[in-house]
Amino acid sequence: MNLLLVGGGGREHTLAWKINQSPLCDKLFIAPGNAGTAQFGTNVSIGMNNFAGLADFCLANTIDMLIVGPEEPLVKGIYNFFKDNPATAHIQVIGPSKEASQLEGSKAFAKAFMQRHNIPTAAYKEFDAANYEAGIDYIRKHTLPIVLKADGLAAGKGVLICTNHIEALAEFQLMIHHSKFGEASKRVVIEEFLYGIEVSVFVLTDGINYVVLPEAKDYKRIGIGETGPNTGGMGAVSPVPFVDAAYMEIVTKTIIEPTINGLQKEALEYKGFVFIGLINVNGQPFVIEYNCRLGDPETEVIIPRVENDIIEILAATAQQRLNEITIVTSKQIAVTVMAVSGGYPNEYETGKIISGLADTKLEGTIVFHAGTKQAGNDVLTAGGRVIAVTSLGDSIAEAAEQSNYMLEQIYFDGMYYREDIGFEFR
Ligand code: AMP
Ligand code: GLY
């Protein structure tokens, strides 16, 4: 098969690495890719939202399957674009339809979906300019902390946890009346704060059947001990120690099955990954969010633990044969540590030469590129998150130490990483 993978981060490098191991892969292209994906396929410089450009490329290169990494093209309707055009309708697209992608694209849609299907989630109400005064009233009477969520996509920044009413009222006003997150915050979901440990569950569905992939926990904050500003993710671990078979049984019955059945009942076409962010409240899982794709850096720990041929699984997804697939998971523990540019998640510089990559050969460790680009013989930094090092080991401590050791061999100006990924489980 010929494949085109859309995206250019650590998630896509990990997928390219895995796809490359499949005997079913003839040619792999990545749009736009990074310096790492180029080791396993051909990068093509077509933007992820240039649907017409991607479709032309697929036709010219007899692509059989399009795998969409990031949420933006999905929420903008790349699935429908391919399926609605008779010339590209035969191409297998891994990713949900535009309508189903609303599970990530609109928090209000996701909350209403959960209510319709009795899926446990925090109590909430949604507001916009039309019922703004009612929103003010709702905040005044709300217990603390108060969670405010921009309805639309806001690059992971649209959630605010306010510890007092004055702050919540000010933020609510900024979101609705001053477009704090642009169009995304014209509507705001206000919800109850839940106390508990977070875990991310990954499901692959063909719209009828589903398989559960390994779970993961990511570390979102920039600082040691989960402190400081939020980032796209500084590292991840898989498996998550408190998640056992009994807990997954509860998650499956109360969340995964009602979600997949709900999609089917509402005729929301979905052939792709569902990323369910959960919070464990006294042993009971609640949904914090849905994402319509794999996570980054969660992919860097879950995909290396999946022993199946990935193309076999994805082809079964496209052909609605996932009932034929049994996921085989490695018992090994994976920890990924993300090296970021100095200043991230605020302002940072790019174009720094990355050294030490050639020396990075260590049994059980894989170096994934996130924001990198090739320039002649050099690999340069090209984003906030630059390199994700995944190690597999017998314990979180061992795998984390090995990833840290590998990162000591790599250098770029301003490089920073958290040495404590998985700290609470070590
Ligand atoms: P999201 O962008 O939806 O992933 O939210 C970002 C983060 O905010 C989550 O990973 C949680 O840590 C936190 N969060 C979101 N909603 C809640 C909630 N209802 N209670 C507690 N924490 C929350
Ligand atoms: N690491 C969180 C995400 O991919 O949304």
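1. Some details on the nonpolar core
Phase 1 of the analysis: The biggest cluster of nonpolar side chains holds 71 residues, and the ones touching the most others in it are Ile387, Leu407 and Ile410.
Phase 2 of the analysis: Those residues within four positions of Ile387 in sequence are excluded, and the remaining contacts are Val337, Met338, Ala339, Ile354, Leu357, Val367, Phe368, His369, Ala370, Thr372, Leu407 and Ile410.
Phase 3 of the analysis: Grouped together as the second largest cluster of nonpolar side chains are 47 residues, Val199, Val243, Met248 and Tyr290 included.

2. A closer look at the pairing of strand E8 (residues 159–162)
Across a regular strand the side chains alternate sides, sitting on one face of the sheet and then on the other.
Phase 1 of the analysis: Burial of E8 is one-sided: the residues Leu160 and Cys162 facing one way are buried, the residues Val159 and Ile161 facing the other way are not.
Phase 2 of the analysis: Sheet topology places strand E7 (residues 146–150) next to E8; 4 bridges connect them, and they run antiparallel. Across the sheet, Lys149 pairs through a bridge with Val159, a residue of E8.

3. A closer look at the site of ligand 2
Phase 1 of the analysis: Around ligand 2 sit Asp218, Gly232, Phe275, Arg293, Gly295, Asp296, Pro297 and Glu298, and those are all the residues in its vicinity.
Phase 2 of the analysis: Asp296 places a main-chain nitrogen or oxygen 2.9 Å from a nitrogen atom of ligand 2.
Phase 3 of the analysis: Contacts to ligand 2 include Glu298, whose side-chain N or O atom sits 2.9 Å from a nitrogen atom.
Phase 4 of the analysis: Here the residues of the shell around ligand 2 sort into 2 nonpolar, 2 polar and 4 charged.

4. Some words on the packing of helix H7 (residues 132–141) against helix H8 (residues 165–177)
Phase 1 of the analysis: Running from amino to carboxyl end, H7 crosses H8 at an angle of 160°, the nearest separation of the two axes being 10 Å. By the angle class used here, H7 and H8 are roughly antiparallel. Handedness of the crossing formed by H7 with H8: right-handed. The segment H7 lies against H8, with Tyr132, Gly135, Ile136, Ile139 and Arg140 engaging His165, Ala168, Leu169, Phe172, Gln173, Ile176 and His177.
Phase 2 of the analysis: Taken together, the residues that form the contact of H7 with H8 break down as 7 nonpolar, 4 polar and 1 charged.

5. Let's talk about the pairing of strand E16 (residues 272–281)
Phase 1 of the analysis: By the criterion of burial, E16 is predominantly enclosed, with 10 of the 10 residues buried.
Phase 2 of the analysis: Pairing analysis gives 7 bridges linking E16 to strand E17 (residues 284–291), with the strands arranged antiparallel. Bridging across to E17, Leu278 finds its partner in Val287.
Phase 3 of the analysis: Turn length for the E16-E17 hairpin, with the two strands adjacent in sequence and antiparallel, is 2 residues, and the turn residue Asn282 shows positive phi of about 50°.

The rules behind each value
- Every chain's residues receive numbers from 1 upward, in the order its sequence appears when written.
- Throughout, the order in which chains and ligands are written sets their labels, letters from A for the former and numbers from 1 for the latter.
- Residue-level local features of this predicted model are given only where pLDDT is at least 70; pairs of side-chain atoms are given and counted only at 80 or more, and the full residue set underlies all totals for whole chains, interfaces and linings.
- Water and hydrogen atoms play no part in the side-chain values, which are based on all heavy atoms of the structure.
- Throughout, nonpolar core names a set of buried Ala, Val, Leu, Ile, Met, Phe, Trp, Tyr and Cys residues whose side chains join them through atoms within 4.5 Å.
- Only protein chains enter the accessibility calculation, which uses a 1.4 Å probe; a residue whose area is less than 20% of its type maximum is buried, one above 50% is exposed, and one in between is partly exposed.
- We call two residues in contact whenever any of their non-hydrogen atoms come within 4.5 Å of each other.
- Comment: elements are numbered from the N terminus, with helices defined as DSSP H or I runs of at least four residues and strands as E runs of at least two.
- Any two strands are treated as partners once DSSP identifies two or more bridges connecting them.
- Residues are labelled near a given molecule or strand when at least one of their non-hydrogen atoms is within 4 Å of it.
- Within 3.5 Å is the distance limit for a polar contact, defined as a pair of N or O atoms, with the added protein rule that one can donate a hydrogen and the other accept it, and that residues adjacent in sequence qualify only through two side-chain atoms.
- Residues are sorted three ways: Asp, Glu, Lys and Arg are charged, Ala, Val, Leu, Ile, Met, Phe, Trp, Tyr, Cys and Pro are nonpolar, and all the rest, Gly among them, are polar.
- Axis angles are defined between N-to-C directions and span 0 to 180 degrees, where every axis is a line fitted to C-alpha atoms and, for a helix, only to the segment in contact.
- For classification, angles of less than 35 degrees are called roughly parallel, those exceeding 145 degrees roughly antiparallel, those between 65 and 115 degrees roughly perpendicular, and all remaining angles oblique.
- A crossing counts as left-handed when the near helix is turned anticlockwise from the far one by less than a right angle, and as right-handed when that turn is clockwise.

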